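Given next are the chains, with one letter for each unit.
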Amino acid sequence: MIPMENTTGTPSHEEERVVKRGVRLSLRERELRQVIETVPDILFKVRAKDLAPEFISPAVKKLLGFTPEEMTVDPGLWIRQIHEEDRARVTAAIRSGMEEKDFLAFESRFSHRDGRIRWIDARLTVQRDAAGTPVLLFGSMRDITERKRAEEMIQRLAYHDILTGLPNRTALNVSLTQAMDEAAARGHSLALMIVDLANFRAINDTLGHSNGDLVIIHVAERLKSVLLEQDLLARIGGDEFAVLLPRQGDRRHVRIATRTIQEALRPAFLIEGIPLDVRPVIGVALFPEHGEDANTLLRCADVALFAAKKSHQSHLIYSPDKDTYHPHQLSLMAELRQALSRDELALYYQPQVSFKTGLVTGVEALVRWQHPRHGLLLPDQFISAAEKTGLINTLTAWVVDAAARQDKIWHEQGMPISIAVNLSMRNLQDPVLISSVPDVVQATRIEPRTLMFEVTESVIMEDPLFVKAALQGLRGLGVRFAIDDFGVGYSSLTYLKQLPVDQLKIDKSFIVRFHEPGNAAIVRAIVDLGHDLDLDVAAEGVEDEPTWHALKDLGCDAAQGYYFARPLPVTKFEEWLRISPWGLKK
Ligand code: C2E
Ligand code: MG
Ligand code: MG
C-alpha cells in the first residue's frame, strides 16, 4: 500500500483509516510472527517449481542446526540434509504427489548440522494458480525422533533375542516366509538348519546360568563370523540357533555349511579360564522339498535334529520316514498294528559269507511289510516310526519268534545257518520282550548260539552301561551279539571292551565306497581293533568282487552284501542256497 501524501498537515479520515489498518496489520503480523517463532514445529513455504524455500521458521535452527537465513540463501541445503537413503524417495514423492494431490505427508530422516540423525514428520499443502499448476507448498515439519526410537526399541524387543541381539523365532518366521516366497518366485531352493548344543544343559548345570549365557554369546559370535552376509542367523531357543541359507538348498551346499559350522565351534570356549567344548548337532530341512510354509519347514528341521541326536550324528537332513508326525507315517502306524495280526509282515534273509570257507554261515533277518495298498515297504519306511510309537516291541517279538522257527526248520533239515535279528533301544528297555526270548528259545529248542542279536553302535552309545546290563541279562542264555553299523557311532573303546559281544559289523557306508580315499584305512583300523578285542569282523555292503578281495586281504572274517545276494524271501533264499557257489556245501 502506497502512503498518501497529505498537503494540509492534518490527517484525513481516509488517512486515519489506512494508518489504523496498518497498525492492526503489523500487530497481527507481529502476533503471527511470535506464534511462528514459538511453535516447536518448522513452518515453511517452498516454491513448487524448484523446491527452493521462500520462508522457513526459526525452529529449523533447533531441528537441523541452521538459521532460516542460511536455509533460504542456499536453496538446495534442506534437500541435502535429507538422509541420503531417503532423499530420492522424498523428492520423488513430493514432485509426483503435488501433481495429483493437494495434501502430502512423509516421514524421513534428516541430518542435523552436527551429524546426528533426526526423524521428521512433514505435511504439505499445495497452492495452485488459476490453471491448476502447483505454485507453492506450505507445510510443517515435526521432530519425531523420540517416537521413532521407541518404535525401534519395541521392534527390537519383539523381533530380537535380548542376550545375543540376534533375530528371534518370530523374526525368523517372518524372514523365512519372505525367503520362501522369493525362492518360489525365482525357482531357487533354500535350506533351514537348526543348530543345537547337545551338551549345553550340562554346561549350565555345572558352571551356572551366567556362564551358560556367556557360552551362548560366544557361540553366536562365532557362528556370525563364518556365515555369509546373505545368511540369516537367529536364536530360537535356549541353546538353539537357526541358520537360513536363502539361495542354497542343495545338499552339497548344506554339507559345506554344516561342516563350516562344526569347524567354527570346534575350538574350545574359554569361560573363566576353563576350556569348554560345545557339541553342535544340526537338523536340516530343504525348501521346497520338505515343506512349503515356514512352520512345516521348521518342524522338519526339528525332526531331523531329533533324529541326528538320537543316532549320534553331527547332522542330518530331514527324511519323511524318520517323521512320526508325517501324516503318511501316522496312518501307517495305525495300519502296522493290524499288519501284525493280518500276517502282512515277512522276513527276508540276506546271507553272510565266511572269508575262510567262502561259504554262507549265517543270515540276517530283515523285516518287510507287504502293504495292501503301498506294496512292499522297506524297514526305513516304518521302523523309526515304530520305535517312537512303541510298536517296535510287538514287531520285534514277532521277528524273534519267526526267526527262531526258521532256525529250527533249517537245523532240522541239516543246514547249519545262524540267524541274526536287529534290536532297537526300545526293545532292550522292554522287560516283557527281553524275558520272552528264553521262552522262544526253549519252545523251539534251537541251539541258542545260532541266534544272534544285532545292536547298532549308536544305540550302545546312547546309554552304554544300560545296554551292557541288558546284553549281559541275555548272555547267560547262550545267544550271541553283534555291534551293527560300526564306525559311525563315536564308540568309546572303554565301553567296547566291556560289552559281551561276538562280532563287529562294519557300517556299509565304508564298504559300499571302499575304493574312495580314506575308507580302506578306516576299514583296516576297524578290522585290527575288532581282532584286538577278540571279535569277529564282518563287512556289510559288499557289492563287488574287488571289494571282496580287498577285505580278504585286510583279514576280515565275513561279508554280507549284494555281491552275494540281496535280502530274499525264504523260498528264494533256499533256492539261492542250492545254486549259488557261496551256498552250503553240497
Ligand atoms: P542293517 O541291520 O544295517 O541291515 C543291513 C541293510 O543293508 C539292509 O537294508 C540291507 O538290505 C542293506 N544291504 C545289504 N547289503 C547291501 C549292499 O551290498 N549294498 C547296499 N547299498 N545295501 C545293502 P534293509 O533291509 O533296508 O534294512 C535297513 C535297516 O532296517 C537295517 O539295517 C536295520 O537297522 C533295520 N531293520 C531291518 N529289519 C529290522 C527288524 O526286524 N527290527 C529292527 N529293529 N530293525 C530292522
Ligand atoms: Mg543289522
Ligand atoms: Mg548294518
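Since the structure is predicted, the reported quantities are computational estimates derived from the model, not experimental observations.

**Some remarks on the overall build of the chain**
Each helix and strand counted, the chain has 23 helices and 22 strands in total. Computed over C-alpha atoms, the radius of gyration of the chain comes to 40 Å, more than 25% over the 25 Å expected from 2.2 N^0.38 for 586 residues, which places it beyond the range of a compact globule. Seen along its three principal axes, the alpha-carbon backbone of the chain occupies a region of about 150 × 60 × 45 Å. Expressed as a percentage of its 586 residues, the buried residues of the chain come to 48%. Of the roughly 30400 Å² of accessible surface on the chain, 53% is carried by carbon and sulfur atoms.

**Considering the domain arrangement of the chain**
In terms of domains, the chain is made up of domain 1 (39–149), domain 2 (160–322) and domain 3 (327–579). Distance from the C-alpha centre of domain 2 to the C-alpha centre of domain 3: 34 Å. Of the residues lining the interface, nine residues belong to domain 2; the matching set on domain 3 comes to 12 residues. Buried surface at the junction of domain 2 and domain 3, summed over both partners, amounts to about 840 Å²; 44% is from carbon and sulfur atoms. Of all residues in domain 2, the largest losses of buried area upon contact with domain 3 belong to K310, H312 and D321, amounting jointly to 64% of the total for that side. Linking domain 2 with domain 3 are one salt bridge, by the criterion used here. The salt bridge involving K310 is made with E387; its shortest N-O contact spans 3.2 Å. For the pair domain 2 and domain 3, the interface holds one residue pair in polar contact (both at pLDDT 80 or more). The residue makeup of the side of domain 2 that touches domain 3, split by class, is two nonpolar, four polar and three charged.

**A short note on the side chain of R118**
Residue placement: R118 occurs in strand β4 (residues 117–128). At a separation of 2.9 Å, a polar atom in the side chain of R118 contacts the side chain of D143. When neighbours within four sequence positions are excluded, R118 is seen to be in contact with L63, S108, R109, F110, H112, D143 and T145.

**A look at the coordination of the magnesium ion (ligand 3)**
Taken together, D484 (OD), D485 (OD) and E540 (OE) make up the full set of protein donors to the magnesium ion (ligand 3), lying 2.0 to 2.3 Å away. In primary-sequence terms, the residues that donate to the magnesium ion (ligand 3) follow D-D-x54-E. A separation of 4.0 Å is found between the magnesium ion (ligand 3) and the magnesium ion (ligand 2), which share D484 as a coordinating residue. With D485 in strand β18 (residues 480–486) and E540 in strand β20 (residues 536–540), the pair connects residues that are 55 residues apart, well separated along the chain. By relative accessible area, E540 is classed as buried at 9%.

**Concerning the confidence of the model for the chain**
Summing up the model confidence of the chain, the mean pLDDT is 89 and the portion of residues at 70 or higher is 96%. Every residue in residues 1–7 is under pLDDT 50, and counting partners more than four places away or in other chains gives eight contacts.

**A few points about the nonpolar core**
L336, L428, F453, V523, L551, F573 and W576 are the most contacted members of the largest nonpolar core, which totals 84 residues. If you tally residues by element for this core, the top one is helix α14 (residues 391–412), at nine residues. The contact partners of F453, leaving out residues within four places of it in the chain, are V400, V421, L423, V437, V479, R480, F481 and A482. Formed by 29 residues, the second largest nonpolar core is a distinct cluster that contains I203, L245, I271 and L276.

**A few points about the packing of aromatic side chains**
Scanning the model with the defined rule gives 12 aromatic pairs in all. Measuring from centroid to centroid gives 5.7 Å for Y563 and W582, while their planes differ by 65°, and the two rings are edge-to-face. Residue Y563 is located in the loop between β21 (558–560) and β22 (568–569), and its partner W582 is located in the segment after α23 (570–579); the two are separated by 19 residues in the primary sequence. Taking the relative accessible area as the measure of exposure, W582 reaches 16% and is therefore buried. Among the aromatic side chains, those forming a connected cluster through ring pairs are F355, W548, Y563, F564 and W582. Here R222 stacks its cationic end above the ring of F269, 3.8 Å away from the centre of that ring. Looking at R566, its charged tip hangs above the ring of Y562, at a distance of 3.9 Å from the centre.

**Let's talk about the site of ligand 1**
Taken together, 24 residues sit near ligand 1, with Q350, E364, D484, E543 and Y562 positioned nearest. One of the side-chain nitrogen or oxygen atoms of S424 is found 3.1 Å away from a nitrogen atom of ligand 1. E540 places a polar side-chain atom, nitrogen or oxygen, 3.3 Å from an oxygen atom of ligand 1. A total of 790 Å² of accessible area belongs to ligand 1 in isolation, and the protein chains cover 88% of it. Within the residue set of the shell around ligand 1, elements represented by two or more residues are β14 (360–371), α14, β18 and α20 (508–512). When residues in the shell around ligand 1 are grouped by element, the largest group, four residues, is from β14. Looking at the shell around ligand 1 residue by residue, the classes come out as 10 nonpolar, five polar and nine charged.

**Considerations on empty space enclosed by the protein**
One pass over the structure, following the stated rule, counts one cavity of 30 Å³ or more. A volume near 30 Å³ is recorded for the largest cavity. Elements with a contribution of two residues or more to the lining of the largest cavity: β1 (42–47) and β4. Grouping the amino acids of the lining of the largest cavity by side-chain chemistry returns eight nonpolar, no polar and no charged.

**Points about the sheet that holds strand β12 (residues 315–317)**
Across the sheet, five strands lie side by side as β7-β8-β6-β11-β12; this open sheet has mixed pairing. This sheet does not close on itself; its edge strands, each paired only once, are β7 (232–237) and β12. Across the sheet, the mean angle separating the axes of adjacent strands is 20° when strand polarity is ignored. Where strand β6 (residues 190–197) and strand β11 (residues 280–287) come together, eight bridges link them in antiparallel fashion. Across the sheet, M193 pairs through a bridge with V284, a residue of β11. Packed onto the sheet, helix α10 (residues 251–265) meets β6, β8 (240–245), β11 and β12 and runs at close to 160° relative to β11.

Procedures and definitions
- Residues numbered from 1 in each chain as written.
- Chains lettered and ligands numbered in written order.
- Predicted model: local features only at pLDDT ≥ 70, side-chain atom pairs only at ≥ 80, totals over all residues.
- Heavy atoms only, no water.
- Helix = DSSP H or I, 4+ residues; strand = E, 2+ residues; numbered from the N terminus.
- Rg over C-alpha atoms; globule rule 2.2 N^0.38 Å.
- Buried < 20%, exposed > 50% of the residue type's maximum accessible area, 1.4 Å probe, protein only.
- Areas by Shrake-Rupley, 256 points an atom, 1.4 Å probe, with all protein chains shown as cover.
- Domains from an automatic or database assignment.
- Contact = heavy atoms within 4.5 Å.
- Buried area = accessible area lost by both parts, 1.4 Å probe.
- Salt bridge = Lys/Arg side-chain N within 4 Å of Asp/Glu carboxyl O.
- Polar contact = N/O pair within 3.5 Å; in protein donor to acceptor, adjacent residues only side chain to side chain.
- Nonpolar A, V, L, I, M, F, W, Y, C, P; charged D, E, K, R; others polar.
- Donors = N, O, S within 2.8 Å, 3.2 Å for Na, K, Ca; no water.
- pLDDT = per-residue confidence, 0-100.
- Core = buried A, V, L, I, M, F, W, Y, C linked by side-chain atoms within 4.5 Å.
- Phe/Tyr/Trp six-rings, centres within 6.5 Å; stacked < 30°, edge-to-face > 60°.
- Lys NZ or Arg CZ within 6 Å of the ring centre and 35° of its normal.
- Near = heavy atom within 4 Å.
- 1 Å grid on protein atoms, 1.4 Å probe; cavity = no way out; pocket = protein on both sides within 12 Å on 5 of 7 lines; lining within 4 Å.
- Points joined across faces, edges and corners; volume = space filled by probe spheres on them.
- Pairing = 2+ DSSP bridges.
- Axes fitted to C-alpha atoms, helices over the stretch in contact; angles between N-to-C directions.

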